Amino acid sequence: MQKQGNKKDYRVQFTLSKIVNLMSSTTYDPKIGKGDVIANVSIINKHDLNRVLEIFKTAMMSGLTVSPFIKILHEGESIGDLTIEEGKIGLATMCSITIDGILLKRGILVNPKFGGLVQIEEGSPVRFTDVLTYASTSIDPLEALMSQEITSVTQMISTGSGKILANLREVPIAARYDIDHVLSDIMDAGLSGILEVGEPNRKILDVPIERDHLGIVVIGGTNPMAIVREHGIPIETNAMSTVIDITEMSDIKDINL
């Protein structure tokens, strides 16, 4: 009979707990352009690299992700707990939760709520149509929704209407002045993805907000991966995988395809 003390302790980690830990690990300062950011890591087949990079570039240049920065990892290289297998390529891109980490480091209390699908009509966000809260799931909501093949990011790029991945966080209205300054610094640093900033105590994209708070909707960093899936190219995405020094990443415009 195995002793109780020898049993491994398997515990479910809800996504919110993981997010809070990664937010605290974010050190990126948009004013100086240095520090650690949160990364999503995607694994693709080696022979698909050029096609996938073309798709990523289109998505990033269309503003459908948080930043244009990317790191390519080859066979045998490691990032976080992942090691790239033979015949595969890893692509590290910035996760939208990095925005929450930057806000937190500026003293703004951020409450990540959920990830979901946002309906876009003629280039304007209309409403969230599907959501999964971070506190109720152990897997990344955007990763789960992407796997259901209910996105239409490719269509959104070509027609201006479709469904894209995004997430919502709440912040206290007392920090409104500071929020505007931080978001301005983020955009000046070449980051993007701020889809909508709500009014205090008002719904944002048809979602109610807690009293004395306002909502901020950020475009999901996994939208490029959703487009890859929509094109039928195999891709494995590890959302909110690890933190990475932004100086290890390159602007996708500077990568020769």
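Structure: see above.
These lines cover the structure that appears in this document, whether it is placed above or below. (Residues numbered from 1 in each chain as written. Predicted model: local features only at pLDDT ≥ 70, side-chain atom pairs only at ≥ 80, totals over all residues. Heavy atoms only, no water.)

**Remarks on the overall build of the chain**
The number of helices and strands found in the chain is seven helices and twelve strands. The C-alpha radius of gyration computed for the chain amounts to 18 Å, which stays within 12% of the reference 18 Å derived for 257 residues, consistent with globular compactness. Projected onto the principal axes, the alpha-carbon positions of the chain cover approximately 55 × 50 × 40 Å. Each of the 257 residues in the chain was classed as buried or not, and the buried ones make up 49%. On the chain, roughly 12400 Å² of surface is accessible, and the fraction owed to carbon and sulfur atoms is 46%. (Helix = DSSP H or I, 4+ residues; strand = E, 2+ residues; numbered from the N terminus. Rg over C-alpha atoms; globule rule 2.2 N^0.38 Å. Buried < 20%, exposed > 50% of the residue type's maximum accessible area, 1.4 Å probe, protein only. Areas by Shrake-Rupley, 256 points an atom, 1.4 Å probe, with all protein chains shown as cover.)

**Some remarks on the environment of Thr 237**
When you line up the elements, Thr 237 lands in strand 11 (residues 236-245). Looking at Thr 237, the relative accessible area reads 5%, which means it is buried. Spatially, the C-alpha atoms of Thr 237 and Phe 69 are 17 Å apart, while their sequence positions differ by 168 residues. Once residues lying within four places of it in the same chain are set aside, the contact partners of Thr 237 are Val 41, Ser 42, Glu 143, Met 146, Thr 222 and Met 225. (Contact = heavy atoms within 4.5 Å.)

**Here we look at the pattern of salt bridges**
Following the criterion strictly, the structure yields six salt bridges and no others. When the shortest N-O distance is used, the salt bridge between Lys 46 and Glu 75 registers 3.4 Å. Here Lys 46, found in the loop between strand 1 (36-45) and helix 2 (49-61), pairs with Glu 75, found in the loop between strand 2 (69-73) and strand 3 (78-79); they are 29 residues apart in sequence, far enough to count as distant. A relative accessible area of 45% means that Lys 46 is categorised as partly exposed. Overall, Glu 75 belongs to the partly exposed group, its relative accessible area being 35%. Notably, a salt bridge pairs Lys 253 with Asp 251, separated by 2.9 Å at the nearest N-O pair. (Salt bridge = Lys/Arg side-chain N within 4 Å of Asp/Glu carboxyl O.)

**Comments concerning the sheet that holds strand 9 (residues 194-197)**
Each strand in a sheet pairs with its neighbour through backbone hydrogen bonds, running either in the same direction (parallel) or in the opposite one (antiparallel). With antiparallel pairing, the five strands of this open sheet are ordered in space as 7-6-8-10-9. Across the chains shown, the open sheet's two edge strands, defined by having one partner strand only, are strand 7 (124-133) and strand 9. Neighbour-to-neighbour, the strand axes of this sheet turn through a mean angle of 30°, independent of strand direction. Bridging between strand 9 and strand 10 (residues 213-219) involves three bridges; their strand directions are antiparallel. In the strand pairing of strand 10, Val 197 is matched with Ile 216. Contacts from helix 6 (residues 176-188) reach strand 8 (162-172), strand 9 and strand 10, with the element oriented near 15° to strand 10. (Pairing = 2+ DSSP bridges. Axes fitted to C-alpha atoms, helices over the stretch in contact; angles between N-to-C directions.)

**Some remarks on the nonpolar core**
In terms of nonpolar packing, the biggest core is built from 41 residues, with Phe 56, Leu 91, Phe 128 and Ile 164 touching the most fellow members. At the level of secondary structure, the elements contributing two or more residues to this core comprise helix 2, strand 5 (88-94), strand 6 (111-121), helix 4 (141-147), helix 5 (153-159), strand 8, strand 10 and helix 7 (223-230). For this core, the leading source of residues is helix 2, giving seven residues. Those residues within four positions of Leu 91 in sequence are excluded, and the remaining contacts are Asn 40, Val 41, Ser 42, Ile 44, Leu 49, Val 52, Leu 53, Phe 56, Ile 70, Lys 71, Ile 72 and Leu 73. Core analysis: the next-biggest nonpolar cluster, separate from the first, contains 38 residues, Ile 84, Val 110, Leu 183 and Leu 214 among them. (Core = buried A, V, L, I, M, F, W, Y, C linked by side-chain atoms within 4.5 Å.)

**Things to note about helix 7**
Of all eight residues making up helix 7, six are buried, and the element is well covered by its neighbours. Every buried residue of helix 7 is listed here: Asn 223, Pro 224, Met 225, Ala 226, Ile 227 and Val 228. Two residues or fewer past helix 7, Gly 232 is found with a positive phi of approximately 80°.

**Points about empty space enclosed by the protein**
For the structure shown, the criterion picks out one cavity of 30 Å³ or more. Taken as a whole, the largest cavity holds about 60 Å³ of empty space. Around the largest cavity, the lining residues are Asn 40, Cys 95, Ser 96, Ile 97, Tyr 134, Asp 140, Leu 142, Asn 167, Gly 221, Thr 222, Ala 239 and Met 240. Broken down by class, the residue content of the lining of the largest cavity amounts to six nonpolar, five polar and one charged. (1 Å grid on protein atoms, 1.4 Å probe; cavity = no way out; pocket = protein on both sides within 12 Å on 5 of 7 lines; lining within 4 Å. Points joined across faces, edges and corners; volume = space filled by probe spheres on them. Nonpolar A, V, L, I, M, F, W, Y, C, P; charged D, E, K, R; others polar.)

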